Amino acid sequence: MSKFSPGKLMTAFVVFFFPILIYLGSWQVMRGLEKKDIVNQHYENKSLPVISEKEMATLNSENLIYRTVNLEGEYQSESYILDNRLYRQEAGYEIFTAFETSEKNLFLINRGWVSKEDYENGTEEAEGKVTIQGVLSPFKRFGLNLVDQIYLDGWPKLVQQVDYETTKNDIGNSINESVIQLSAASAGAFEPIWKPVDLKPSRHFGYALQWFGLALVLICSYFYYGYKKD
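All values reported here derive from a predicted model rather than from experimental measurement.

As a further point, take the nonpolar core. Ranked by internal contacts, the top residues of the largest apolar core, which has 15 residues, are Met-56, Leu-71, Tyr-75, Ile-109 and Ile-132. The set of elements that each furnish at least two residues to this core consists of strand 1 (68-87), strand 3 (106-115), strand 4 (130-138) and strand 8 (175-182). Leu-82, Phe-96, Phe-142 and Ile-171 belong to the second largest nonpolar core, which has 14 residues in total.

Structure representation (C-alpha cells):
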C-alpha cells in the first residue's frame with residue numbers, strides 16, 4: 001500500500017483553503033435561510049386584510065412589516081430619482097416621493113420604475129389629496145453608492161442610493177421608518193419592480209452547493225495527490 005505523503009506545500013494549501021470554502025458555503029446557507037424567512041413573512045403578511053393608517057398604531061413594528069396599508073394624503077415636492085435601475089434590459093429610474101398623510105404622518109413612497117425616455121418626456125404627477133395603497137417594507141438601502149457623492153440642493157434629487165439616515169437629514173426626523181411600496185393601481189404609481197429580497201433563497205443554496213463541492217474536490221485531490229506514485 002502506498003504511503004500517504006502529500007507534502008508540506010500541498011498540506012498548507014489545503015489547510016488554508018478548506019476552511020474558507022466551508023465558511024463560504026455555510027454563509028450562503030445562512031443567507032438562504034434568512035431570505036426564505038423574509039419571503040415567507042412577505043407572502044404571509046401581504047395576504048392579510050388591508051389596514052388603515054389608524055390601525056397601524058395598534059400594531060407593533062414586527063407585525064407591520066409587509067402589511068398592505070391604505071393611506072390618504074398628498075404627495076410632497078421632495079423626490080429622489082434613483083438612477084441605474086435596469087428593468088427588462090432597459091435603463092430607467094425608481095421614483096421615491098415623500099407623502100404626508102391626513103394624520104400628518106410622513107412616509108417615503110417607492111412609486112416604482114419609469115424608463116429614462118418616459119421620464120425625460122414628462123410624467124403625469126398626482127396632485128391634491130389622493131388615496132394610495134402599498135406594502136410596508138423596512139427602510140433599508142435602495143441602490144448602491146460606490147463613491148461619496150454630494151447631492152445638490154433642490155428637488156428632485158438624482159441619486160445612486162436612498163437610505164434612511166440621508167432621508168432624515170433631507171426631509172426631517174419625522175419620516176417613517178418604513179417605505180411604502182406603491183401598488184400599480186394607486187395614484188402616482190409607475191411600474192412596480194420592488195421585491196422583498198434581491199436574490200431568491202434557491203440562488204443562495206445553489207452557491208452554497210458550489211462552495212461545498214469545491215471543498216469536496218479539494219479534499220479528494222489532496223488524498224489522491226498524497227497516495228499517488230511519483
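Having seen the structure, we can now continue with the description.
Geometrically, the link from Trp-155 to Pro-156 is a cis peptide bond, its omega value of -5 degrees lying close to zero. By the secondary structure assignment, Pro-156 is in the loop between strand 5 (142-143) and strand 6 (157-159). One non-glycine residue, Asn-84, adopts positive backbone phi at about 60 degrees. Mapped onto the elements, Asn-84 comes out in strand 1.

Quick look at the pattern of salt bridges now. Overall, the coordinates contain 5 salt bridges when judged by the stated rule. Between Lys-35 and Asp-198 there is a salt bridge, and its shortest N-O distance comes to 2.8 Å. Separated by 163 residues along the polypeptide, Lys-35 in helix 1 (residues 8-46) and Asp-198 in the loop between strand 8 and helix 6 (201-227) bring together distant segments of the chain. In this structure Asp-198 comes out as exposed when scored by relative accessible area, which is 67%. With a shortest N-O distance of 3.8 Å, Glu-165 and Lys-168 are connected by a salt bridge. Pair noted here: Glu-165 and Lys-168 are both in helix 5 (residues 164-171), with a separation of 3 residues, about one helical turn. What makes Glu-165 partly exposed here is its relative accessible area of 47%.

Let's shift gears to the side chain of Ser-186. Note on placement: Ser-186 falls in the loop between strand 8 and helix 6. Given the relative accessible area of 10%, Ser-186 is considered buried. Here Ser-183 takes part through its side chain, which lies 2.8 Å from a polar atom of the side chain of Ser-186. Leaving out residues up to four positions away in the same chain, Ser-186 has contacts with Ile-132 and Gln-133.

Bringing the layout of surface pockets into the picture now. If you roll a probe as big as a water molecule over the atoms, it shows you where there is empty space left. When its volume is computed, the largest pocket comes out at roughly 1400 Å³. For the largest pocket, the lining is made up of 42 residues, of which Trp-194, Lys-195, Pro-196, Val-197 and Asp-198 are closest to its centre. Elements that contribute at least two residues to the lining of the largest pocket include exactly helix 1, strand 1, strand 3, strand 4, strand 5, strand 8 and helix 6. With 7 residues, the top contributor of residues to the lining of the largest pocket is helix 1. The residue inventory of the lining of the largest pocket, partitioned by class, reads 17 nonpolar, 12 polar and 13 charged. One number sums up the size of the second largest pocket: a volume of about 200 Å³. For the lining of the second largest pocket, the secondary-structure elements that each account for two or more residues are strand 1 and strand 2 (90-101). Of the residues in the lining of the second largest pocket, the class split is 8 nonpolar, 6 polar and 4 charged.

Rules of the game
Residues numbered from 1 in each chain as written. Predicted model: local features only at pLDDT ≥ 70, side-chain atom pairs only at ≥ 80, totals over all residues. Heavy atoms only, no water. Core = buried A, V, L, I, M, F, W, Y, C linked by side-chain atoms within 4.5 Å. Buried < 20%, exposed > 50% of the residue type's maximum accessible area, 1.4 Å probe, protein only. Helix = DSSP H or I, 4+ residues; strand = E, 2+ residues; numbered from the N terminus. Salt bridge = Lys/Arg side-chain N within 4 Å of Asp/Glu carboxyl O. Polar contact = N/O pair within 3.5 Å; in protein donor to acceptor, adjacent residues only side chain to side chain. Contact = heavy atoms within 4.5 Å. 1 Å grid on protein atoms, 1.4 Å probe; cavity = no way out; pocket = protein on both sides within 12 Å on 5 of 7 lines; lining within 4 Å. Points joined across faces, edges and corners; volume = space filled by probe spheres on them. Nonpolar A, V, L, I, M, F, W, Y, C, P; charged D, E, K, R; others polar.

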